[in-house]
Structure formats: C-alpha cells, structure tokens
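# Overview (structure and organization)
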4 protein chains.
Amino acid sequence: MVVVMEERASEDQVQKVIAQLVEMGYDVHRSTGALRTVIGAVGNNRKADPRLVEMLDGVHEVLRITEPYKLASRTFRPESTIVNVGDIRIGGDEVIVMAGPCSAENEQQVMSTAAAVKRAGGKILRGGAFKPRTSPYSFQGLGEEGLQLLRAAANEHNLKLVSEVMDASQIELLERYVDIYQVGARNMQNFTLLRELGRARKPVLVKRGISATIEELLLSAEYVLAGGNMEVILCERGIRTFESYTRNTLDISAIPVVQKLSHLPIFVDPSHGTGRRDKVAPMARAAVAAGADGLLIEVHCDPDHALSDGAQSLFPAQFDRLMAELRIIAPAIGRSICLEPVARRGWGQ
Amino acid sequence: MVVVMEERASEDQVQKVIAQLVEMGYDVHRSTGALRTVIGAVGNNRKADPRLVEMLDGVHEVLRITEPYKLASRTFRPESTIVNVGDIRIGGDEVIVMAGPCSAENEQQVMSTAAAVKRAGGKILRGGAFKPRTSPYSFQGLGEEGLQLLRAAANEHNLKLVSEVMDASQIELLERYVDIYQVGARNMQNFTLLRELGRARKPVLVKRGISATIEELLLSAEYVLAGGNMEVILCERGIRTFESYTRNTLDISAIPVVQKLSHLPIFVDPSHGTGRRDKVAPMARAAVAAGADGLLIEVHCDPDHALSDGAQSLFPAQFDRLMAELRIIAPAIGRSICLEPVARRGWGQ
Amino acid sequence: MVVVMEERASEDQVQKVIAQLVEMGYDVHRSTGALRTVIGAVGNNRKADPRLVEMLDGVHEVLRITEPYKLASRTFRPESTIVNVGDIRIGGDEVIVMAGPCSAENEQQVMSTAAAVKRAGGKILRGGAFKPRTSPYSFQGLGEEGLQLLRAAANEHNLKLVSEVMDASQIELLERYVDIYQVGARNMQNFTLLRELGRARKPVLVKRGISATIEELLLSAEYVLAGGNMEVILCERGIRTFESYTRNTLDISAIPVVQKLSHLPIFVDPSHGTGRRDKVAPMARAAVAAGADGLLIEVHCDPDHALSDGAQSLFPAQFDRLMAELRIIAPAIGRSICLEPVARRGWGQ
Amino acid sequence: MVVVMEERASEDQVQKVIAQLVEMGYDVHRSTGALRTVIGAVGNNRKADPRLVEMLDGVHEVLRITEPYKLASRTFRPESTIVNVGDIRIGGDEVIVMAGPCSAENEQQVMSTAAAVKRAGGKILRGGAFKPRTSPYSFQGLGEEGLQLLRAAANEHNLKLVSEVMDASQIELLERYVDIYQVGARNMQNFTLLRELGRARKPVLVKRGISATIEELLLSAEYVLAGGNMEVILCERGIRTFESYTRNTLDISAIPVVQKLSHLPIFVDPSHGTGRRDKVAPMARAAVAAGADGLLIEVHCDPDHALSDGAQSLFPAQFDRLMAELRIIAPAIGRSICLEPVARRGWGQ
C-alpha cells in the first residue's frame, strides 16, 4: 500500500506509521517531497487492513496497490480460462446460450421448453428447483422433483443442465443432477456455500449480487478457486441503482472490465437484469456485441401461466428470433453462435 | 392492485385484463374515465406477480396497493413490539446499547472489553465467533471457542449476549451460548437461515443488507415472523451509494420510516455504517436523536491490534464519552439511557 | 391519481381526502372494498403535488397514473420523430454517428480530426468551445475562436456541427456556428437555458444528467418542446452508481425504455459513459445492438496530448475499426450505417 | 500522483511513464520492488488528468494524492471559517436556523410565516422567488415581487434573508434584497453562476447536488472561493440512492466528513432531504446531534395550501416543538441554540 502523509505531519508521526507497517510485515520505502511525505509499503500481505494505518495521526490517505484477489486475476493467469462441460467450451470463440424456465413446474412444461431451447441453438438448459424468493408467501420451487424433471429433459434433448444451489446442505443432492452449479445473486456472499463449492468437482456459475462491485464478485470467485475448483463462470445480472423503470440496471460495461481484470468467462443474464420480457432481446444483443462469453435467458413454453417470473420469460418464437439476431452480431467481434445440425433443419422452416 | 390502461386501449384489451385478474383471484372494479380506464383489483393474494398483468397489451402501468408483508406491518399490529431479553426491554422507553468487539480473539480481550461495556452502561455484549469475510484470506473467527469466551464474559459482567449466525447449520450450536441471534447484512436474504430462525425460541436481530430497501428488510423479518418467532429486532447499518468517502451511507431516515411501517424495534450500527472510528460518535448521536430504539457499537480494549475491523472500533474512553453525550440527547425525545448502580459509581470518577 | 386509504381509515378521513381532491380539480371515483377504500382521481392537472394528499390522515399511499410530461410522450405522438439536419435524418433507419474532439484546441487538431471523422463515416462533427469543468483550475475551452475552428472544419469536410451551450446568454453566439445545440449532463436541469432553447430554431441534443431518472430526462425535453421547438434528441451518457471501476455506468437499457415512453430519438455517448478509451468500442457496439438511433463519440487526432478527456478519446484508426464493426451489427436490427462514396474509397486502404 | 505498474511491466514501459510524468511537470521518484515498480510523482499540477498516465501500457493503476481543491480544504486553513451576517455568526458555537416557506406566495403568507420563524428562534428567513421546477407546468415563483415580500417580512421581524439565485443574470437583482445567495442543488455545477458569485460581496450557501460527491461539493465551493469570495456555507440536502421510500437519502455522515476535510460551515436541509413533513423533525434532530452548524427548514403558515412543497413544510407549532427539542440536544456537543428575549416570552406560553 502507499501511505500519503498530511502536509503538516511531524517526523514523529511518520516514524509511527513506519513502525506500524513494519509490524504488519511490509518492506517500507520512504519518499520525502517538498510538501509531504509518501511511504510505499511492499509485501504480500493480503490480510492487512489498511484502515489500521489510515487511523494514525498525520495520515492523509492510504492507497491500496494490490487487488485483494489473486487466483481470479489475469495477472495470475494471463490466458483466458476455458471451462469444458462435456464437449461445450465455455469462454472460447463460441458464444454459449443457457436458457430455460425460471422454475421447473411440471413435466410437460420442462420438456417442451427444453425442446424450444434446443431448436433455437441453446446448449445448456437452465431451470430452478430451489427458488430464493423475497417473500415467504411466494412459490418456493419443486425441490428434488424439479431436478428430476430438468435432468430428464436435458437428457432427452442432449442439453447440459445448470441449476441453483441455495445452501451448502443442498450440494450433495444437486451433484446427482446438474452439470453446473449456479450461485444466485443473493448468495454471492454466502461464504459457507462458496467454500464448499471450492471442493466440488463441477463448474460453478457465480452471479453478481445486485449491489456487489466487480471486485467483490471476483473475491467471491476467489473463495471457490482457493478451494481448488478452478472452473468458475461469472455472470452479470443487473445492479441496483436509483433508476426504477427497470428492475435493475444491467451493467454491460462489466463485461469488458471483467475481461481485463480476470481470466474467467463472463456471462450476462438479461432476464433478471431487466425484469421485463420486452427489454430482454435488446439487452441480450448488447451483451453479445460488448463481448460476453455467453447468456443466461429465461424462456418458457407458456409465460403467461408461469409460476414465477413469467413476465420476464421469452416465448419460444421470441427466443428463436433473438438467436437469429445474435448470429448476425457475433461475427462483428470474431465470435460465432453455432446451430446443431438437427436444429438447423428445424429452425427457419 | 390498480391497473391503469393506455389512453388508446381497446375494449378488447380491457376485457383481457379483467379476465386475467379474475383468473388470479381478484374482485374487479372498473372505472372508465374520459381519457382512460382504470381497473381496481381487490383481494388478498400476496403471491400474485403484477408483472403478469403489466405485460398485457394496452396496459400502461400496474400499481400495487398492498405491502407484500403482513405480520411485520403496523397495520397488522398497531402497538410497538417490546422484545424482552431477561429484564431488558428492547423497544421501550430506554435506549438499549449493545457493544463489544468485532470478533472474539482471546480471553483477556473479551473480558476486558466486556468490563468496559458494562461500566459505560451497555446492556448487551456483542461479538463475533463466525465472521463472514469478503476475502477468503481474512481472519474467519474462533468458532465455538469464541462463543465460550463471549458467554463467560457476559456472565461475569451481567450482560446479555448477541452473536452472528452465518448458516442454518450453526443455529443449534449458537443456541447454547447466545441470548439473541444476529443475522448479518450479507445474509439478510439467506431464506433458508431465516426460515429456520422462525422456529427458534430466542430473539433475532436482522441487519439490513447494504443494498436492501426497507421493504425488503421487512420481508426478511416476515420470514422469521411467519415461522412463529415474533421477537425480531431490525438494524440499519448503512447502504451502498455513490459516495465513497464513507464505507457505506448510514441511512438515518430509515429509523422514522421503519417506525411508521412496522411495530418492530429498530437499531442502528454506526460502526459498520461508517467504517471509521472518528465517524462513529456523531452517527450514534444522530441515531438516538432520530429515535432509534438502540445501538450496536464496536468497542475494543485495544483497537490498534484487533484482528478485524479495529479501525472502526472505539477505545473504551471514547465509548464512555459517547454514552455520556447520549444521556443528554435521549430526553429530547422522551427516552432515557440507564446506568447500572455499580456502573454509576465507576463512571465519571 | 389513485389514493389508497389505510385499512382502518374512518369515513371522516375518506371524506377529507375526497374534499381535497375536488379542491385540486379532480373528478373522484370511490371504490370501497372489504379491507380498504380506494379513491380514483381523474383530471388533467399536471401541476398537482400528490404529496398534499399523501399527508392527510388515513392515507396509506398515493399513486400517480399520468406521466408528468405530455409532448415528449409516445401517447401524445405515436410515430417516432425524425429530426432533419440538412439531408441527415436523425431517428430514421440509419444510425447516425457524431464524433470529434472533446474540445477544440487549434486549427490543425480540429481539421485533422474532422477528416478522420468523415473518412470513417461520421456525419456530424462534435467539439466543445465552452467546457463545463468540475475544477476551476482545468482548461475551460477556447470560446468563440473554438466555434470558428469547428465550423470551418465542418464546412471543409461536409459535416454538420454540434457543440455545447452552457448558459442562456451563449445561445445567440452559438446560433451563428452550430447546427445542433448540445445541453450537457450538468445542465440537464438548467431550466432557464432549456426554456430559452424552446424558442430556438435549431435542434437540441439533451444529455441525461448522471443522476437523472429517465422521467426527469423526458421532463427536461418537455421544457424545450413546450417552448415550441419540437426537434429534440435525447442522449444517454452514463449514470452514477456504486460501481467505481468505470467513471459512470452506461445505462444501455435506457435505449429501449426511452423508445417505449417517447417518440424522440435516443443517442448514446460511450466516451463519457465509460471515461476510458478501451471501453468505448464495446459499449458503442452494445448501444447499436440495443437499438440506439445514434452515437456521440470522442475522437482525437492525438489523444495523448489532448487538453481535456484525452484518456477517453479514440485514435482515428480505432474509430475506423469501430465503424466497421458497427456496420456488421446494425443489420441485425434492420438498420444501417452509411458510408459516403468518397469515404468508402478512402476507408480500408 | 502515484503510478503503480503491472507486475509484468517492462523497463521500456516504466521509462515511458516517467517521460510522460516529466512532460506533465512532475518530479519523479521511482521505487522498484520485488514484484512491481511504483512511481511517485510530486508537483503542484492540479490540472493534470491522471487518466493520461492510466492509459499507458504496463500501468496497473494511478492513485491521486492531492485533493483537487485547495482554498476549501482544511489543510489550507486549519481553523474553522466563521461567516458573519450582521451580528449572526455562522460556524460558531451557536447552531443557526434558517426557516421559511418554500416559495413566497403573498404578503400575508410571508409575513405570518416570518413571525412564526422569529418566535421559535430562527435567525434567518428563507424563501424562494425564482423556483427551479422539474416540470415546466409547475409554479415557477413570483420573481422580484417575491423578493420584495420576503425583504419586507425579514425587516419587520429583524431576520436576515437567504434566497435562491438560479442564473448569473439574476445576481444583480437579488443583491438588492438578500443577505445570502443560495445556489440550489440542481445548479451546484452551474459553473458560470458559481464564477460570478465569486465576485459577489455577500455570503453564498451552496447546496450539494443529489448525486454530487462531497469532493465535488468542495470543488463547487472552490469556484466561489477562487473568485475571491471567502464566505461560503455548504449545505447537505439528500442524495439519490436506490431507496425510494424517502425522496432522497439525507447523508448525515456528510457533516463530520465535511468538517474534517474543510473549514467551511456545513448546514443540513431536512425538508428537501426527506420530502415528507413527518420525517423533518427526526432528521433535524439527527443533524444537530451529528454536529451540523445550522439547519435550513421549510415552515409555512398553512402548508395544506402551499403552492409548492407544502407536503414537506412544517406547521408553526411543529417548528416550535422541534426548536425546543434541538435546545436539549445542542449542549451534548457543546453548542447552543439561542432564543431572542422577545421570542423567549412568546414561546412556551
């Protein structure tokens, strides 16, 4: 860190700061200018709380010069991480689309939505069995039955499966069904959960909390990485701002920022990011144009009767059209969105 | 809810909205004006997602007219709730102060900090044994050993004890040590945890998440209340805003707002709310002046060597002085801050 | 507006609310339900302050059902407005790019930047002569000399010109030089200025303030429209949020939102919206993919020596590449970015 | 500033950074650590844009070590500024209360409100003649007639007068009537206006914009100070956050922060800060308890019929009670709120 002393700081105050830094394990470089003294503290102490120095007399400001995360940073690993899920490469040239219903509701709904996802070119089925709901009176998900329905539909349509894990106690159950664990925005700082997922042997998709900085998102990824699980996918899904017309403000600029700071793939969820069906397509296009590695989109075979989040779920025909638009956009940044041979036949007829 | 149609909405569109509302279980009142039709939907369906109506053609806006929480609202219970912890009445005329170290570190630290808390007039010892830390490389707390130290110190000094529970799996352990469970800001929407605490038989202090609206805080309380545990204390501890000089922006106005909307006691944590020791006293005074039912303050016998959050912990002498200032302020709003007989002798000598 | 009474509201309280509404000029419809009374107030009183009703005893909530703006709304004018500047149609099928330096600095800089703008397909030259600067010690612009340089460069390269007007007293001077007046983000609520521009006979581009809601942006446009000037272009340029990695958070979702609420064209300024050159291209692509009617981009012939905002200005070669990418993206949403015949020859050599 | 290089930065990249800093007029100190190089740049160049260095290859981060303001900082002037308005000392031991109607409406209203302000212990009459309104359809103020009414009422009741100036062209007119110029929140960055007020010979009260950082507020004050007018009063009036229950979130912590960074007096406006009458008293008490030098409060003889902001104006009796509460609180921090002899007789009877 760098400690900037006040202009009027005494020599005694400077010495106390130096002593504190040495006690914290830093090498100290002092630089005395005409107006003020600046002290550089070099070391590898990610645990140090800079506020302990900030509070000393004569200190004007303390500036951190190291990110608090390590394994998640591009400095640690310059080349981009590819997360492999079967033969799907997440973080490579292809933009990967995960889509499906907010919640699994019944066999027909899951199966026909999965068919729509496959037909349009989605590679991974998304769907919730355990739902974190703001109100205790809302539908809370089907639990294990939902996982069974989702797995069966994914198998039937040759899709991979991602689903949310809400609590460390659910990991063992989900492991039997999913290909990717999803950590929801409200759980982004559930450190008990993240630590356990660090020991899991399947990829983890971590969603950004609605008030989390990008740095905090990377620190949450660091919990998983530090546990030994290097297959982490990040996901922007909207931040809370003063603007209330949209549910959240989807932070598209997080895409290039994450790609500069970290080697991990970055996805975008335009469904939760906007909360309104008619805003999903424009924001999905924007995400791909800005360079996102993939999308997480809510599609429902009958949104008007969905048990949760129907208002932000696309109809299958809207999803088809969106995928067609994305195929035009992706090449602008040297990427592609593939279409399965069978799907290619079906789509557009 | 109230559905406002667009000025140009057709009769057919109005009929579709009415049909949807009836299907959702509402009684419908239609009011056709010169410019537009407004439809009132009356019913007791807290689960309904208004966005399902918002998406229909011809709908201009949907307005909710019922709060999504019930048990937490002052409409449900007009008189203020008093939470009794032994002979301490939380939510009554006396302003209750909970104070202590961020984390329990060792016996001497816990014991001498508890003595300072008691001497100045604090009634409840606070201290963490399990610490949620943004970075996986930070000190994570002593665990059960910490709880033992805190309980012993509370007993020795005739204080009650509040400590944080991070995960539903920890409730059973904490029950043996604490008088009040604390749910941290990052866990405010850990619904698994809240639901389990609804079955607990001790009071629960729920901290507002840094990006939670007041309505969301009350919904989290509703999870506990709906489980049958009516002893909930709310706590404001700062929200995230664009201003970066302070760690968070302590939302003092949340105090009168909560008191209007809900019957539950509202506390303020000026230590986490500001993140800086020199801002704790002004904000603690402001909270009491605005009508807070109590405070949660970090005090440490030796803040400069604290293992966590030392920079925002008060020295015992600062805490003494603050309590003296608060005793002047409380009567301005018809409240008091009591002093134990033994403490009264010690303090001010 | 709709007035929702409290569940326990008395008949007397209901009558007082009705009397107040009638006094404010509304027609009143009362709807008494099992739990509560809801009162609909219909009228055309955009001046009424709903808080006057909100404060009455027994009132639970007051809900507004009319937007406070009229001329700016799509209800008033369903078809999209096309702003014509010479033969350039803003708001039509073509995505229009305005580009140029932050400030005019000298003849060579303005002239060579204008050449680069033209060559890449830009239609309108942007550049500041009067600069609003947060610090009184920063470069404040060349004034009229800057306008002369910009006009000469625009003429030489067959471009139109947009430049910022900071104060009502400058309108007369700018009128002699510019084709479009720009109102900066800090002046979005300078109502004296907006009112005067309502009397001007040239188009006005109004930038969204960094903390302005979309509704407030439309109300600022309403000031110009209400004065009789119907040629208003809106511009999103980033809002202030808690995320501090980027200077502001560019609100891409404002594009589809504005297009739903209003008939006015909506532009995006990715240069001010991000504050960093390496984030301009991704966000410009995102804006076009989301449906923006145009872009406002800072380009400088030598950004490293710019007197202001060099760090967010593109090099000419970067601008060329970006325009090529945008030409791939625009057709995905049925739009185009044209290239002048002469420019087409020059570009890509 | 301090330039932190990337861990992998080459010697060539370091040399380019040094060259750029020297060209910008800095003295350069280089410190090469095991992991990375840190370059200190010392100088007095407040105009330099750190982003010009940030964009160079190999640069990890650039940290500013000097505040961009000078005359407003406590480093420049360690003792607190007292602004004298007649015999009233603003910034001294006494907490000064400015109160009155949002807008001057007619003689009776202004006169009887002024009487109420005086009786309760207010020292300065506030009231608007020119009103900045978000909607062009709202009441815009009485103009000069309003100033005449306010001046007459102030004289009659031996009060000083503060009123808002919206535009540089109005300064000359206001000078004939007011004792203090008020710059509204929306004009906090109207630099033309601020620069002109730097040449005025009366104090200026600058309100914080709803999205302005404290640093930006101090920079706006710097515009006035740099023009030679050293009598500046700052005023917190609420910032825009995600919480929508209150109109704005009053940032009480800005009080101690401003007092640490600057020597200028800091006031609080709880009326605009909350937008609701029932929240004004708690927040006014909180502001005084936190150490504010004064308050700006809306009082109206008949709030229910006010032409603007009636919903946030106190009734005279509420204002009386609030002043009595504040007199209890002020001594807790060594301050007082005086009562005129004549007023003392009237009050409390």
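Remember, it's a predicted structure, so these values are computed and weren't measured experimentally.

As a further point, take the overall build of chain A. When its secondary structure is counted, chain A shows twelve helices and 14 strands. Along the three orthogonal principal directions, the C-alpha set of chain A runs to about 80 × 45 × 40 Å. Scored against the burial criterion, the 349 residues of chain A give a buried share of 58%. When contacts within chain A are restricted to residue pairs at least 6 apart in sequence, long-range pairs at least 24 apart make up 66% of them.

This part takes up the domain arrangement of chain A. Partitioning chain A into domains gives domain 1 (2-63) and domain 2 (83-346). Its C-alpha centre places domain 1 of chain A at a distance of 45 Å from the equivalent point of domain 2 of chain A.

Residue and element names in this part refer to chain B. For helix 4 (residues 144-156), with 13 residues, the first-to-last C-alpha span of 18 Å sits near the 18 Å given by 1.5 Å per residue. Turning to helix 4, its buried residues number three or more, namely Gly-146, Leu-147, Leu-149, Leu-150, Arg-151, Ala-153 and Ala-154. Buried residues along helix 4 sit against helix 3 (107-120), strand 8 (124-126), strand 9 (160-164) and helix 5 (171-175). Following helix 4 by one or two positions, Asn-158 has its phi on the positive side, about 55°.

The subject of this paragraph is the interface of chain A and chain B. Between chain A and chain B, the residue contacts involve 37 residues of the former and 36 residues of the latter. When contributions to the side of chain A that touches chain B are tallied by element, the ones reaching two or more residues are helix 2 (51-54), helix 6 (191-197) and helix 7 (214-226) of chain A. Among the elements that make up the side of chain A that touches chain B, the one with the highest residue count is helix 7 of chain A (five residues). Looking at the side of chain A that touches chain B, its residues break down into 15 nonpolar, nine polar and 13 charged.

The interface is formed by 32 residues belonging to chain B together with 32 residues belonging to chain D. Looking at the side of chain B that touches chain D, the elements with two or more residues in it are helix 8 (254-261), helix 10 (277-290) and helix 11 (316-329) of chain B. Considered class by class, the residues forming the side of chain B that touches chain D number 19 nonpolar, eight polar and five charged.

Residues and elements named next belong to chain C. Reading across from one edge, 2-3-1-4 is the order of the four strands in this open sheet, with antiparallel pairing throughout. On the outer flanks of this sheet lie strand 2 (27-32) and strand 4 (59-63), each paired with one strand and no other. Along the sheet, successive strands turn relative to each other by an average axial angle of 15°, direction set aside. Pairing of strand 1 (residues 2-5) with strand 3 (residues 37-42), which is carried by three bridges, proceeds in the antiparallel orientation. What sits directly across from Val-4, in strand 3, is Val-38.

For these two chains of identical sequence, chain A goes onto chain B by a turn of 180° and a shift of 0.0 Å along the axis, with RMSD 0.0 Å. Within this description, the copies of the chain are treated as partners about a two-fold rotation axis. Minimal C-alpha separation from the rotation axis in chain A is found for A:Ser211, amounting to 2.8 Å. Most of the interface of chain A is mirrored in chain B, where 97% of its interface residues again form contacts.

Turning our eyes to something else, we now look at the relation of the copies chain B and chain D. For the match of chain B to chain D, the screw axis carries a shift of 0.0 Å, the RMSD comes to 0.0 Å, and the turn is 180°. Interface residue correspondence from chain B to chain D reaches 100%, placing this contact among same-surface, isologous pairings.

What follows deals with the sheet that holds strand 12 (residues 232-236) of chain A. Residues and elements named next belong to chain A. Pairing is parallel around the closed barrel formed by eight strands, whose spatial order is 7-8-9-10-11-12-13-14. If you compare each strand with its neighbour and ignore which way they point, the axes differ by 25° on average. Bridge count between strand 9 (residues 160-164) and strand 10 (residues 180-183): three bridges; the pairing is parallel. Within the sheet, the bridge partner assigned to Ser-163 lies in strand 10 and is Tyr-181. Of the strands in this sheet, strand 8 (124-126) and strand 9 are in contact with helix 4 (residues 144-156), which crosses strand 9 at around 160°.

This paragraph deals with the environment of B:Phe130. All names here are of chain B. Considering the arrangement of structural elements, one finds Phe-130 in the loop between strand 8 and helix 4. Residue Phe-130 is classed as buried on the basis of its C-beta count, with 23 C-beta atoms lying within 10 Å. For the pair Phe-130 and Ser-308, spaced 178 residues apart in sequence, the C-alpha to C-alpha distance is 12 Å. Dropping the residues within four chain positions of it, Phe-130 is found in contact with Gly-141, Gly-143, Glu-164, Met-166 and Gln-170.

All names here are of chain B. Residues Ile-180 and Gln-182 line one face of strand 10 (residues 180-183) and the alternating positions Tyr-181 and Val-183 line the opposite face, and both faces are buried. Pairing of strand 10 with strand 11 (residues 204-207), which is carried by three bridges, proceeds in the parallel orientation. Its bridge partner lying in strand 11, Gln-182 is registered against Leu-205. A crossover links strand 10 with its parallel partner strand 11, the connecting element being helix 6 (residues 191-197), and its sense is right-handed.

Our next topic: helix 8 of chain B. Summarising burial for helix 8 of chain B: six of the eight residues are buried, a large majority. Of the residues making up helix 8 of chain B, those classed as buried are B:Ala254, B:Ile255, B:Pro256, B:Val257, B:Val258 and B:Gln259. The elements touched by buried residues of helix 8 of chain B are helix 7 (214-226), strand 12 (232-236), strand 13 (266-268) and helix 10 of chain B together with helix 10 (277-290) of chain D.

Now for the environment of B:Val165. Residues and elements named next belong to chain B. Looking at the secondary structure, you find Val-165 in the loop between strand 9 and helix 5. Separated by 59 residues in the primary sequence, Val-165 and Asn-106 have C-alpha atoms spaced 20 Å apart. Filtering out sequence-adjacent residues up to four positions away, Val-165 remains in contact with Gln-170, Ile-171, Leu-174, Tyr-181, Gln-182, Val-183 and Leu-193.

Mapped onto the secondary structure, B:Asp49 falls in the loop between strand 3 (37-42) and helix 2 (51-54). Residues B:Asp49 and B:Leu234 lie 185 residues apart in sequence; the distance between their C-alpha atoms is 27 Å. Sequence-distant contacts of B:Asp49, that is, excluding residues within four places in its chain, are made with A:Gly310 and A:Ala311.

All names here are of chain A. By the criterion of burial, strand 7 (residues 96-100) is predominantly enclosed, with five of the five residues buried. Because side chains alternate across strand 7, one face comprises the buried residues Ile-96, Met-98 and Gly-100, and the other comprises Val-97 and Ala-99, equally buried. With five bridges joining them, strand 7 and strand 14 (residues 294-298) adopt parallel strand pairing. Bridging across to strand 14, Ala-99 finds its partner in Ile-297. Two strands pair when backbone bridges link them, and strand 7 and strand 8 are joined in this way by two bridges, in the parallel orientation. The residue of strand 8 that forms the bridge with Ala-99 is Leu-125. In this fold, strand 7 hands off to helix 3 (residues 107-120), which returns the chain to strand 8; that crossover is right-handed.

Reading the values: rules and limits
Residues numbered from 1 in each chain as written. Chains lettered and ligands numbered in written order. Predicted model: local features only at pLDDT ≥ 70, side-chain atom pairs only at ≥ 80, totals over all residues. Helix = DSSP H or I, 4+ residues; strand = E, 2+ residues; numbered from the N terminus. Buried ≥ 20, exposed ≤ 12 C-beta atoms within 10 Å, placed from the backbone. Contact = placed C-beta atoms within 7 Å. Domains from an automatic or database assignment. Expected span 1.5 Å × (residues − 1). Nonpolar A, V, L, I, M, F, W, Y, C, P; charged D, E, K, R; others polar. Pairing = 2+ DSSP bridges. Axes fitted to C-alpha atoms, helices over the stretch in contact; angles between N-to-C directions. Least-squares fit on C-alpha atoms with pLDDT ≥ 70 in both. Right-handed = clockwise from strand over helix to strand, strands pointing away.

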